[in-house]
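What the coordinates show
Listed below are the residues making up each chain.
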Amino acid sequence: MKIARPVDDFVAKMREYFTSEGTYPFKNEDPFRLDLLSNAQMESHGVRVAAQHEILSTKQPDKVLRRLNDNEEVIVKVQEMLAETIREKQAIAPASEWFLDNLYLIKEQINISRKHLPKGYSQTLPILAKGKSAGMPRVYDIALEIISHSDGRIDVANLTAFINGYQTKNVLTIGELWAIPIMLRFAIIENIRRIASRIAIDRLDKNDAIYWSEEFIKIAQTEPRSIIIATAEMAKSDVSLNSAFVAEFTRRMQGKGQGLAIPLSWIEQQLSDTGHSVAELVNVHNQSQAAGQVSMRNSIESIRLLKTTEWKEFVESVSAVEQILQKDITGTYPLMDFETRDCYRHVVEWIGKKSKMAEHEVAALAVHLGAKRKESGKAERQHHVGYFLVDKGRDELIKAAGTQLDLKDHLKVFFRKERLPLYAGSTFLFAIVVSVLLALTIYRETHAMVLSIATGILLFVILGHFATVVINWISTMVVKPKPLPKLDFSGRIPDVYRAVVAVPCLIGSKTGIEELVSDLEVRYLSNPQKNLYYCLLTDFADAPQETMPQDDTLLAYVKEEIQLLNKKYAKENTEDRFFLMHRARKWNKKEKVWMSYERKRGKLGELNSLLRNKGHDDFSVIVGDTSVLADVKYVITLDADTLLPRESAWKMIATMAHPLNRPVINEKKKRVVEGYGILQPRTAINLPAKTSSVYARMHSNDSGLDPYTQLVSDVYQDLFEEGSFIGKGIYDIDVFEKVLGKAFPENRILSHDLLEGSYVRSGLLTDVQLFEDYPETYWTDVSRRHRWIRGDWQIATWGLPFAPDDKNKLKRNYISSLSKWKIWDNIKRSLLTPAMLLLLVLVWLLFPNPGGWMIGFMVFWFFMPVVTGFIQLFRKPKDLDTRSHIAEVIESFKKSVAQVVYNIVVLPFEAFKNADAIFLANWRLLLSKRRLLQWTPYAAQKAGGRRVLPVPIVICGRPFYW
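Okay, so let's go over this structure. Every value quoted in this text rests on a predicted model; they were computed, and no experiment measured them. (Residues numbered from 1 in each chain as written. Predicted model: local features only at pLDDT ≥ 70, side-chain atom pairs only at ≥ 80, totals over all residues. Heavy atoms only, no water.)

1. Overview of the overall build of the chain
Along the backbone of the chain there are 35 helices and 18 strands. Counting only C-alpha atoms, the chain reaches 125 × 70 × 60 Å along its principal axes. Counting over 962 residues, the chain shows a buried share of 52%. By sequence separation, contacts in the chain at least 24 residues apart represent 78% of the contacts at least 6 residues apart. (Helix = DSSP H or I, 4+ residues; strand = E, 2+ residues; numbered from the N terminus. Buried < 20%, exposed > 50% of the residue type's maximum accessible area, 1.4 Å probe, protein only. Contact = heavy atoms within 4.5 Å.)

2. Observations regarding helix H9 (residues 227-236)
Among all positions in H9, only Ile 227, Ala 230, Thr 231, Glu 233 and Met 234 are buried. Across the axial projection of H9, the buried residues extend over an arc of 160°, all falling on one side. What points out from H9, more than 90 degrees from its buried face, is the exposed set Ile 228 and Lys 236. The secondary structure elements touched by the buried residues of H9 are helix H8 (174-222), helix H10 (243-253) and helix H11 (261-273). Following H9 by one or two positions, Asp 238 has its phi on the positive side, about 60°. (Arc of directions from axis to C-beta.)

3. Some details on the pattern of salt bridges
Pairs may arise between side chains of opposite charge once their charged atoms sit close together. Summed over the entire model, instances satisfying the criterion amount to 56 salt bridges. The residue Lys 633 makes a salt bridge to Asp 732 at a minimum N-O spacing of 3.6 Å. Here Lys 633 is found in the loop between strand E6 (619-623) and strand E7 (634-637), whereas its partner Asp 732 is found in strand E13 (residues 729-732), with 99 residues between them in sequence. One network of salt bridges, in which partners are shared, links Glu 316, Glu 322, Arg 341, Asp 342 and Arg 345. (Salt bridge = Lys/Arg side-chain N within 4 Å of Asp/Glu carboxyl O.)

4. Looking at helix H22 (residues 551-568)
Working note: α-helix, 3.6 residues per turn, so residues spaced by three or four point in the same direction. The end-to-end C-alpha distance of H22 is 26 Å, a good match for the 26 Å that 18 residues give at a rise of 1.5 Å each. Taken residue by residue, H22 has Asp 551, Leu 554, Leu 555, Tyr 557, Val 558, Glu 561, Ile 562, Leu 565 and Asn 566 as its buried positions. Considering only its buried residues, H22 is in contact with helix H21 (510-526), strand E2 (532-539), strand E3 (578-583) and E6. (Expected span 1.5 Å × (residues − 1).)

5. Remarks on the packing of aromatic side chains
Within the structure shown, the criterion is met by 38 aromatic pairs. On the numbers, 6.3 Å between centres and 40° between planes, the contact of Trp 212 with Phe 216 is tilted. Of this pair, Trp 212 and Phe 216 are both found in helix H8, four residues apart, which corresponds to roughly one turn of the helix. For Phe 216, a relative accessible area of 0% gives the class buried. Ring plane angle 70° and centroid distance 5.6 Å describe the contact between Tyr 778 and Tyr 902, whose orientation is recorded as edge-to-face. Of this pair, Tyr 778 sits in helix H29 (residues 778-794) while Tyr 902 sits in helix H33 (residues 882-905), and the two are 124 residues apart along the sequence. For the pair Tyr 778 and Tyr 902, one class covers both residues: buried. (Phe/Tyr/Trp six-rings, centres within 6.5 Å; stacked < 30°, edge-to-face > 60°.)

Put into structure tokens, the structure is as follows:
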């Protein structure tokens with residue numbers, strides 16, 4: 001008889017996939033199982049492997065991702081086969097159970113590997129020239145060796161021993177060390193694929209065994225005489241008598257009757273010809289299943305270990321570059337946080353790639369240059385290794401290392417050296433050229449000289465702002481942010497770097513006091529580190545007389561609240577952590593009012609005087625034992641509504657304390673020329689609450705903008721390594737007092753922040769954020785900006801070569817050109833809305849072609865929202881699905897357009913308010929000499945309640961409230 005084999009299509013396809021010559025030779029790729037080695041043996045093996053490795057000098061195509069894709073394909077096929085096996089209610093091996101139970105984890109690792117090793121990345125790593133991993137990255141072969149000698153079970157100690165041994169012969173690059181976790185993932189996935197492929201082939205052989213055993217049992221029950229024919233058919237079918245087939249066939253046939261002894265005897269005879277026996281193969285199969293289970297389990301557990309291991313610590317522990325940089329002669333490098341150390345190492349890596357020196361040689365050269373600077377008696381900051389990696393000594397290190405810079409690198413150097421002329425010049429050139437051309441066009445059409453000149457002037461203001469916005473936007477996209485280096489004070493703030501968080505504020509009601517004290521407590525709870533103190537610097541509001549009826553009651557209440565805070569946290573602290581410093585009103589002859597001396601600037605000045613015991617502070621009431629503040633080095637000043645997020649305080653202090661950020665004062669210019677006397681964190685806007693007004697929600701996507709200038713605040717730091725101080729940040733008390741103690745005249749400066757930052761040099765802390773609310777109403781916002789514009793015009797003199805000193809006499813103005821640019825940029829911005837309104841009036845009344853000009857206005861208004869929205873649309877994050885990304889872009893675009901439309905609607909009123917602020921500032925500064933410090937606190941503005949929008953906006957016949 002002839003037996004037909006009704007093998008189903010699925011099994012047939014699987015057999016074809018796993019055994020055809022067109023696919024991997026899976027039968028020859030056994031799981032990675034070599035001799036298990038101890039730590040000492042691993043170290044010795046690492047030395048041997050390093051001696052065998054040879055590196056290619058040419059680039060090779062990326063084979064790693066292709067290998068990952070192939071492995072994933074096999075894993076999916078095995079999953080399908082095992083799923084079919086379970087549906088057929090057949091038993092599966094223990095290794096298969098581990099595989100299926102943890103398949104989600106395996107697929108997760110495949111996705112992580114693909115994400116963290118983008119296309120082409122492996123080509124940047126050293127590639128092996130020969131051996132079993134020829135054409136693959138060297139670090140990939142290292143991962144395979146580690147997996148092979150641990151049966152898939154990764155141990156950090158074993159891994160460290162192997163790497164240390166390997167690096168006695170060949171030093172790995174920083175990129176290779178960081179690639180080790182990814183390559184270990186690749187190796188584990190490869191091992192799982194090999195185990196899974198063995199599972200699949202065994203499953204196919206078992207399917208054959210099941211088929212033939214069931215056929216023989218059926219024949220024995222119906223036609224016993226045909227068993228011999230069936231045996232012949234099985235022999236003719238060329239079945240594979242391997243351990244899986246023999247074990248499964250024997251298990252199913254034994255004990256089923258004497259008639260089934262014939263096929264078993266035939267198998268025994270066939271095996272004896274090869275020197276094996278049924279019992280031996282059954283034993284081999286059992287051992288193979290046990291080994292497969294152990295290997296699969298070890299691989300799964302290694303995946304979990306990869307997820308929980310702190311690879312930062314591992315990389316630093318085995319990095320040769322790290323060990324060399326730790327020898328920094330100033331002792332600063334080991335004290336820095338991980339991000340700063342990593343930034344230093346990236347520079348070493350970059351120079352190593354572009355020079356003939358190895359990375360560890362570049363690091364040693366940087367340390368050597370620092371030692372030479374010390375020997376020659378240079379400033380201490382130049383001894384630090386970071387001076388040659390991320391500061392002014394970098395060009396010297398690049399030259400000493402023989403670095404071969406390409407055209408792109410040379411352009412970067414040129415732009416860095418000429419950044420201010422290029423930045424300001426391009427803005428000015430665009431504005432002047434286009435405005436002159438358009439003014440000439442008007443003259444040709446109207447022959448009105450006065451109209452043409454007026455048009456040119458107005459266009460210069462408008463186009464100058466447009467150019468600045470576009471250049472700033474391009475800069476944030478092109479220029480790579482450079483975070484400031486910092487020390488690591490996450491565990492403890494050292495005694496020498498004590499700081500006080502000072503909140504200048506006014507007290508006017510018990511409710512306001514409760515809010516101030518509550519916010520102070522929240523700041524403490526967010527940043528409870530030792531050597532950090534919290535203080536309210538309070539004044540009363542301006543008044544027609546020295547004392548007002550409620551003054552004593554309010555002062556007694558705020559004193560009691562601060563004392564209660566100290567009692568509440570007395571168990572946690574051995575000293576007072578909360579303080580109150582209150583000033584009485586003083587008669588101001590120029591303002592003709594009883595007020596606090598020099599407002600916020602005066603409060604901070606008197607706090608500095610108290611902390612340095614200079615004897616000219618005017619605090620009438622002090623709560624708390626101020627003796628603990630004697631050694632305070634820094635002040636963190638915040639507005640009353642500013643939130644201080646967790647860990648932000650120590651990060652500000654740690655950045656100020658870094659040697660490269662410590663201020664260097666030029667005695668002649670009386671200003672800081674290197675380092676920073678002030679650090680300004682990024683100020684973001686809080687997410688709007690459900691109760692927030694439409695106006696506040698409309699501006700909720702302004703987060704990351706400087707609210708004082710409405711420009712992207714990172715631009716100055718990224719381009720010029722200098723930010724703009726906006727009144728919230730940390731400053732060095734001694735530097736602040738030395739430079740600014742007698743720098744400004746009295747009763748003159750309303751907006752002092754920008755000037756202070758110009759003298760003591762302000763840096764922007766891009767990786768530290770403070771949060772504050774956006775004004776709830778348009779009226780509050782416009783009133784605040786009215787004060788800012790008055791303040792900008794009152795310091796316009798400091799944009800000139802000469803500026804007033806503390807005695808109001810003109811002296812040489814030594815602030816930087818960049819600081820002067822910032823002052824004039826603010827002046828120019830205040831003129832924008834009046835210029836736009838005047839030009840619109842001229843367009844509609846006198847221009848021959850108003851339609852064309854209105855198109856230009858529409859481009860000016862909607863250019864940025866349209867362009868940024870378009871670019872954002874094509875920059876979809878990989879982890880975000882398309883629908884969610886489009887919805888997010890649309891929502892952001894709608895908010896941006898809403899702001900533009902709103903700004904167009906309120907343009908007449910904005911122009912009026914800006915012109916009013918400009919006129920008042922100049923009138924008071926040049927003629928009346930009074931009310932220069934007129935100021936309504938933001939808290940008082942917020943308490944003013946909702947106001948009707950001061951322009952005729954009516955929706956459905958009713959005023960629209962904001």
